[in-house]
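Summary of the model geometry
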Amino acid sequence: MDARYSPSVVHATCLLLAIGVAARTPAAAATLPAGFTEAQVATGLASPTAMQFAPDGRLFVCEQGGRLRVIRDGVLLPAPFVTLTVNASGERGLLGVAFDPAFQLNQYVYVYYTATTPTVHNRISRFTANGDVAQPGSEVVILELDNLSGATNHNGGALAFGVDGKLYAAVGENANGANAQTLANLHGKMLRLNSSGSFPTDNPFYTTPTDRRGAIWALGLRNPFTFAFNPNGPEMFINDVGQNTWEEINDGRAGANYGWPDTEGPTGDPRFVSPRSSYNHTNGCAITGGTFYSPLNARFPADYSGDYFFADFCGGWIRRLDPNAGNTVTNFATAITSPVDLKVSDDGYLYYLARGSGASTGVVYRIDFVASAPSITAQPASQTVAVGATVTFSVSASGAAPLRYQWRRNGANIAGATGQTYTIASAAQSDSGARFSVVVTNDLGSATSADAVLTVTTNQAPTATIVQPATGTPYAGGTIITYSGTASDPESGSLPASAFTWQVDFHHDTHAHPFLGSTSGTTGGSFTIPTTGETAANVWYRIYLTVRDPGGLTHTAQRDVFPRTVQLTLATSPVPLQLRLDGQPVPTPTTFTAVVGMVRTIGATTPQASGGTTYEFVSWSDGGAASHNVSTPAVNTTYTATYRVVTGGTGTGLAATYYNNADFTGTTVARTDPTVNFDWASGSPAPAIAADTFSVRWTGQVQPQFSETYTFYTQSDDGVRLWVNNVPVVNNWTDHGVIENSGTIALTAGQRYDIRMEFYENGGLATARLLWSSPSTPKAAVPAASLYPSAPSPVAISINFQPAAAPVPVGYLVDGGLVYASRGNGQTYGWTIDNTAQTRDRNASNSPDQRYDTLTHLQKPANPDAVWEIAVANGTYRVRVVSGDASNIDSVFRTTVEGVLTVNGTPSTSTRWLEGTSTATVTDGRLTIRSAAGASNNKICFVEITPP
């Protein structure tokens, strides 16, 4: 393997998919196109979840139970690289592994797993390799993810280093769709980290090193099990497993929102990124491993170069997408038992990992292209059965089609035995010791399998009986299911607990998820049905009991436990409107089947319009908030959201002034924008406004529907500032790509609050959006009905010119004399020169208070005409300026405000501070204070800017 593989090809993307259990057999080989062959690399993997090549050519495989296995030179090593303590229930466990781009030097291996302490959560850690095992004690925790709910599904877990050297991680939304659309946690996101675990400062939501939002790179994902980077191109593809209808391949983009739970599959909603490719559930149920065919040394035909291979767990197939041919998708391989991962090696082979359906049946296969004679990929297995039992031998082979089979017994052909399998309907004692093999031929040659020995024993198989739960026992969310059984053997009688093995799987439609892993040594136990997680009603639990007698024969019994279900109806009054169910929009009335005891989330969107009338939410029939959880009751129930017609007029938007220059100067265009929800790309917002160097100021009022804490979000490219009720909520006045910033503020229902948003564009693309959310308001653009284009009141501002270490008087902002820039408090102000070195804190005993003790020079010898400015909305203000110095009086204080002489005088020993107040009108968004002619050693202590 070449070292370049490490940073550029898909790094290990361990995942956990639904485990099919209908056929408890080892993973089968694939049906491949003509000219392609496959060979088995390794088998006996316990519940494998993914695989990845180390830069030195070793293949690492994740096992759900916490072991990271190593395949070296085609041999599965007995000792794991590391064994982790994990919670492996449901879709949890060891879920990801990646190799540091500098692995050849530092030997760093990264893993993603479900930790058990102090609470159950997913974790990303780093280990240092020492040959084929990890150095003891070398674990370094890179990132602790958010605590998990009771739902055990949708964990994600894929890890990969990108071409930029950053560590990417895919995180599922923990079966809660709302997680995918909030920046308050890391669920339902793509994360991007430095190798140390710190957050890159160019991440789209980075604010401070300690703000966990800085780890988020993209959002709106349901369960992104895998993703892949193209080592020879710009593409990054994210495989997101869908819910009811669609599986998605998404383009990885910084700041992208893929829309879950508001949308699934292709979408025209401009807020969201539509999939590059998708397929519906008539073709499969869960998109799994994906990889680009871009190796150092290709073995496949040239037509495959740059193609993207992807697999579906339920469909049992591999397909390929051609990004350079209109994203066309063609079939490649079928008949795979639960594929979960794909990788391409530098020497041009395609590897796939078939999870199979049992505890130790995972197999790694390698696919090559060559028109060849047959080769045996899976040998027939020796078997021991009781007299009269049915026994089947099977073989897997690859080679140029068509393949022909001939089974032999003790070297002699068996008439009519010409399939991939050979079955003896009833094994006789005389069959014991017989050796069975098969010859596989094609037009280019033949291959003969190894012998499989049949042992027929007079020992009779035991009988497993499940006593509890009784047949027909129903369940509801939160139910404790007790299971127990008995086992008898014709020769040994009752079998002890050591002969028992239990397993429980959770079935959903045509596939199943692991729920309770294989547990041996007990005649019974119990488990609790979760109240959160999968919300569909076509689900059930299947309990397996396998018993083994002293002679090695087994018998398996199973018992299905089905849910109690009811019909739930969502309705609105007085007219049909849209509601939300588990975060997804639904029309009303809608009736659906639900499992009793499962927690569902119902939400009332407000305001909304129908037939030209605007309605606002009033109440739910169960008394809950606009958005709240309900535990599915035991009887059919209707939940009705009552709305009322909005009276007294509704909002129409915000007053917008567009400026031709980025500093709120130049030609202007005034209009009312119904919402702030713009993606101008490289275009202009108006014909008279330049495309790359414009600015906008939106002003007006916002009226909330609920008395709650609201989160306001801005999505911008470039700079943005937002004030609500004169409180700074967002301040990112910098050049940047599309970034979402947010802040919170408590608001009262029905009250109008001043709101001001400012934006500038400085080249490239331009985006400006204003959104909000609250416990009762799903995240969305602030609608026109809640916005009023009346001018807000001017902001009252008090400035104290403190050095960094001095105390700040209550209610005052701080300015230490820095050059013009944001001060991080929602205001932008400063000097034409850097006056920080001229700032003082006198702390004099004769001053009235701390405001008078601080000062900065309004002039310097090299620049006697120092200018100080503060960004304010255009309007008229009363400005009070205080100048003085508690330590000396060698000054002439002369200061103007917007050209009006406001302070004018000479201090004395009895009057060390002078002040003045003037009325100033601001027309360019900047209030300007400067030294006037004749000033000497001019100083300034504090400024108060208030409406007249």
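Data block above holds the structure.
Here we summarise the structure given alongside this text. Fair warning: this is a prediction, and the values are worked out from it, not measured in the lab.

The rules behind each value
- Counting restarts for each chain, with residues numbered from 1 along the sequence as it is written.
- The predicted origin of the model limits local features to residues at a pLDDT of at least 70 and limits the giving and counting of side-chain atom pairs to 80 or more, whereas totals for whole chains, interfaces and linings rest on all residues.
- Side-chain numbers here rest on the full set of heavy atoms in the structure, without hydrogens or water.
- The secondary structure listing takes helices from DSSP runs of H or I that are at least 4 residues long and strands from runs of E that are at least 2 residues long, numbered from the N terminus.
- Accessible area is worked out with a 1.4 Å probe on protein chains only. A residue is then buried under 20% of its type maximum, exposed over 50%, and partly exposed in between.
- Working rule for contacts: check all heavy atoms of both residues, and any pair within 4.5 Å makes them a contact.
- Accessibility throughout is a Shrake-Rupley quantity obtained with a 1.4 Å probe, and a residue counts as covered only by protein chains that appear here.
- By the counting rule applied here, Lys and Arg register as positive and Asp and Glu as negative, while His and the ends of each chain are not counted.
- Lysine's charge is taken at NZ, arginine's at CZ, aspartate's at CG and glutamate's at CD.
- Criterion used throughout: strands pair if DSSP finds at least two bridges between them.
- Here the axes come from fitting lines to C-alpha atoms, over the contacting stretch only for helices, and the angles between their N-to-C directions go from 0 to 180 degrees.
- Here, a salt bridge means any Lys or Arg side-chain nitrogen found within 4 Å of an Asp or Glu carboxyl oxygen.
- Note that a disulfide, as used here, is simply two cysteine sulfur atoms within 2.5 Å.

The next point concerns the overall build of the chain. In terms of helices and strands, the chain carries 3 helices and 80 strands. Projected onto its principal axes, the C-alpha coordinates of the chain cover approximately 125 × 65 × 55 Å. Here the chain holds 948 residues, and 56% of them are scored as buried. In the chain, once contacts between residues fewer than 6 apart in sequence are set aside, the share between residues at least 24 apart is 65%. Roughly 34600 Å² of accessible area belongs to the chain as shown, and the carbon and sulfur atoms make up 50% of that amount. Each charge class in the chain can be summarised by its mean position, and for the 54 positive and 69 negative side chains these summaries are 2 Å apart.

Hydrogen bonds between backbone atoms are what pair the strands of a sheet, whose relative direction is either parallel or antiparallel. Read across the open sheet, the 4 strands follow the order β48-β47-β50-β53; overall the sheet is antiparallel. Edge positions in the open sheet fall to β48 (584-586) and β53 (627-631), since each of these has one partner strand only. Across the sheet, the mean angle separating the axes of adjacent strands is 35° when strand polarity is ignored. When strand β47 (residues 579-581) meets strand β50 (residues 599-604), the two strands line up antiparallel, connected through 3 bridges. In the strand pairing of β50, Leu579 is matched with Ala604.

A sheet is described by the order of its strands in space; here 5 strands give the open sequence β38-β45-β44-β41-β42, paired in mixed fashion. In this open sheet, the two edge strands, each paired with only one partner strand, are β38 (474-475) and β42 (511-520). Bridge analysis of strand β41 (residues 500-508) against strand β44 (residues 539-548) gives 9 bridges, and the strand direction is antiparallel. Counterpart to Trp502 in the pairing with β44 is Leu545.

Let us now look at unusual backbone geometry. In this chain, Trp260 is followed by Pro261 through a cis amide linkage whose omega measures 5°. Locating Pro261 in the fold gives a position in the loop between β18 (246-251) and β19 (277-280). Geometrically, the link from Ser573 to Pro574 is a cis peptide bond, its omega value of 15° lying close to zero. Within the secondary structure, Pro574 is located in the loop between β46 (565-573) and β47. Backbone geometry at Asp582 places phi at a positive 55°, although glycine is not the residue there. Locating Asp582 in the fold gives a position in the loop between β47 and β48. Phi angles above zero are rare outside glycine, and Glu898 is one such case at about 50°. Within the secondary structure, Glu898 sits in the loop between β75 (893-897) and β76 (900-905). For Glu898, a relative accessible area of 29% gives the class partly exposed.

The next subject is the pattern of salt bridges. Two side chains that carry opposite charge are able to pair once their charged atoms sit near each other. Across all of its chains, the model carries 35 salt bridges by this definition. For Arg213, the salt bridge identified is with Asp211, shortest N-O distance 2.7 Å. Asp368 is the salt-bridge partner of Arg299, the closest N and O atoms lying 2.7 Å from each other. Remark: Asp368 occurs in strand β26 (residues 362-369) and Arg299 occurs in the loop between β20 (287-292) and β21 (308-312); sequence separation between them is 69 residues. Exposure remark for Arg299: the relative accessible area of 34% places this residue in the partly exposed category.

Under the counting rule described, the total for this entry stands at 1 disulfide. Sulfur-sulfur distance for the disulfide between Cys285 and Cys314 comes to 1.7 Å. Because the sign of the S-S torsion sets the handedness, a value of about 40° for the bond joining Cys285 and Cys314 places this disulfide among the right-handed ones. Of this pair, Cys285 sits in the loop between β19 and β20 while Cys314 sits in the loop between β21 and β22 (317-322), and the two are 29 residues apart along the sequence. Taking relative accessible area as the criterion, Cys314 reaches 29% and is therefore assigned partly exposed.

A few words now on the environment of Thr613. By secondary structure assignment, the location of Thr613 is in strand β52 (residues 613-620). Overall, Thr613 belongs to the partly exposed group, its relative accessible area being 26%. Non-local contacts of Thr613, meaning those with residues more than four positions away in its chain, are made with Gln608 and Val645.

All right, on to the pairing of β42 then. Pairing of β41 with β42 involves 7 bridges; the strand directions are antiparallel. Bridge pairing in β42 links Val504 to Leu516. Adjacent in sequence and paired antiparallel, β41 and β42 are bridged by 2 residues, among which Asp509 carries a positive phi angle near 60°.

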